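As a plain string of letters, each chain reads:
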Amino acid sequence: MAVHQNRARAEALAAHEMLAAHVPDSESQLCRVCLTVVPCSPANAAANRLVELDLPVLDPVLPAQRRVALRHWFAPHRRGRPRSAPLLTWVWRWRFGSVAS
């Protein structure tokens, strides 16, 4: 069983490398390796092998990293949408005595 899993992992890695190498050129829209119209047959074969192995063909979309969340929390003005900020935070209101403790 382990030999089969290692073989499937190696085939998946080779298929992902094949897809990464056979990308279209930005100007001519031809495969950079085969110089044929995209999608070329090696890229199709690699994508089909990934589908046979029940693996995703495209890279998974990764969730936002923790630093991005912290950056948005510390700098809400960079979120791209306007927000109304309170003039006085609750700490200043507490210090001035307008908030009952």
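Residues numbered from 1 in each chain as written. Predicted model: local features only at pLDDT ≥ 70, side-chain atom pairs only at ≥ 80, totals over all residues. Heavy atoms only, no water.

S.K.: Honestly, the overall build of the chain in this entry has me stumped. Any pointers?
M.R.: Looking only at helices and strands, the chain features 4 helices and 0 strands. N-terminal to C-terminal, the α/β element order of the chain is α-α-α-α. Considering the chain as a whole, with its 101 residues, one finds that 12% of them fall into the buried category. Here the analysis covers contacts within the chain between residues at least 6 apart in sequence; of these, 35% occur between residues at least 24 apart. (Helix = DSSP H or I, 4+ residues; strand = E, 2+ residues; numbered from the N terminus. Buried < 20%, exposed > 50% of the residue type's maximum accessible area, 1.4 Å probe, protein only. Contact = heavy atoms within 4.5 Å.)

S.K.: Just checking my understanding: could you explain helix H2 (residues 41–52) for this structure?
M.R.: Residue pairs spaced three or four apart in an α-helix point in one direction, given the helix's 3.6 residues per turn. The first and last C-alpha atoms of H2 sit 16 Å apart over 12 residues, in line with the 16 Å expected at 1.5 Å per residue. Looking at H2, one finds that the buried residues are Ala43, Ala46, Ala47 and Leu50. Looking down the long axis of H2, one finds its buried residues gathered within 95 degrees of arc, a one-sided arrangement. What points out from H2, more than 90 degrees from its buried face, is the exposed set Ser41 and Glu52. A positive backbone phi angle near 60 degrees is found at Asp54, which sits one or two residues after H2. (Expected span 1.5 Å × (residues − 1). Arc of directions from axis to C-beta.)

S.K.: When you look at the environment of Leu35 in this model, what are you seeing that I'm missing?
M.R.: Assignment of secondary structure puts Leu35 in the loop between helix H1 (2–21) and H2. With a relative accessible area of 62%, Leu35 lands in the exposed category. In sequence terms Leu35 and Pro24 are 11 residues apart; their C-alpha atoms lie 8.9 Å from each other.

S.K.: Looking at this structure, I do not really get the environment of Ala20. What am I missing?
M.R.: With respect to the helices and strands, Ala20 occurs in helix H1. Accessibility expressed as a relative area gives 55% for Ala20, which makes it exposed. Here the alpha-carbon distance between Ala20 and Ala43, two residues 23 residues apart in the chain, equals 8.8 Å.

S.K.: Whenever I open this one, the nonpolar core confuses me. Can you help?
M.R.: As a rule of thumb, nonpolar side chains are buried together in soluble globular proteins. By size, the foremost hydrophobic cluster in this structure holds 9 residues: Ala12, Ala15, Leu19, Cys31, Cys40, Ala43, Ala46, Ala47 and Leu50. Looking at this core, the elements that each hand over two or more residues are H1 and H2. It is H2 that contributes the most residues to this core, 4 residues altogether. Setting aside chain neighbours within four positions, we find Cys40 in contact with His22, Cys31 and Cys34. (Core = buried A, V, L, I, M, F, W, Y, C linked by side-chain atoms within 4.5 Å.)

S.K.: I keep staring at a nonpolar patch on the surface and nothing clicks. Help me out?
M.R.: On the surface, Val51, Val57 and Leu58 cluster together to form a nonpolar patch covering roughly 280 Å² of accessible area. Its location among the elements puts Val57 in the loop between H2 and helix H3 (66–74). (Patch = residues over 30% accessible without salt bridge, like charges linked within 9 Å, V, L, I, M, F, W, Y side chains within 5 Å. Areas by Shrake-Rupley, 256 points an atom, 1.4 Å probe, with all protein chains shown as cover. Salt bridge = Lys/Arg side-chain N within 4 Å of Asp/Glu carboxyl O.)

S.K.: For this particular structure, what's the right way to read the confidence of the model for the chain?
M.R.: Caution applies to low-pLDDT parts of the model: their predicted coordinates are not meant to be read in detail. Taken residue by residue, the chain gives an average pLDDT of 76. The fraction at 70 or more is 55%. Summarising per-element confidence for the chain, the mean pLDDT is lowest in H3 (66) and highest in H2 (90). (pLDDT = per-residue confidence, 0-100.)

S.K.: Teacher, can you tell me more about the side chain of His22 here?
M.R.: Along the chain, His22 turns up in the loop between H1 and H2. Sequence-distant contacts of His22, that is, excluding residues within four places in its chain, are made with Cys31, Val33, Cys34, Cys40, Pro42 and Ala43.

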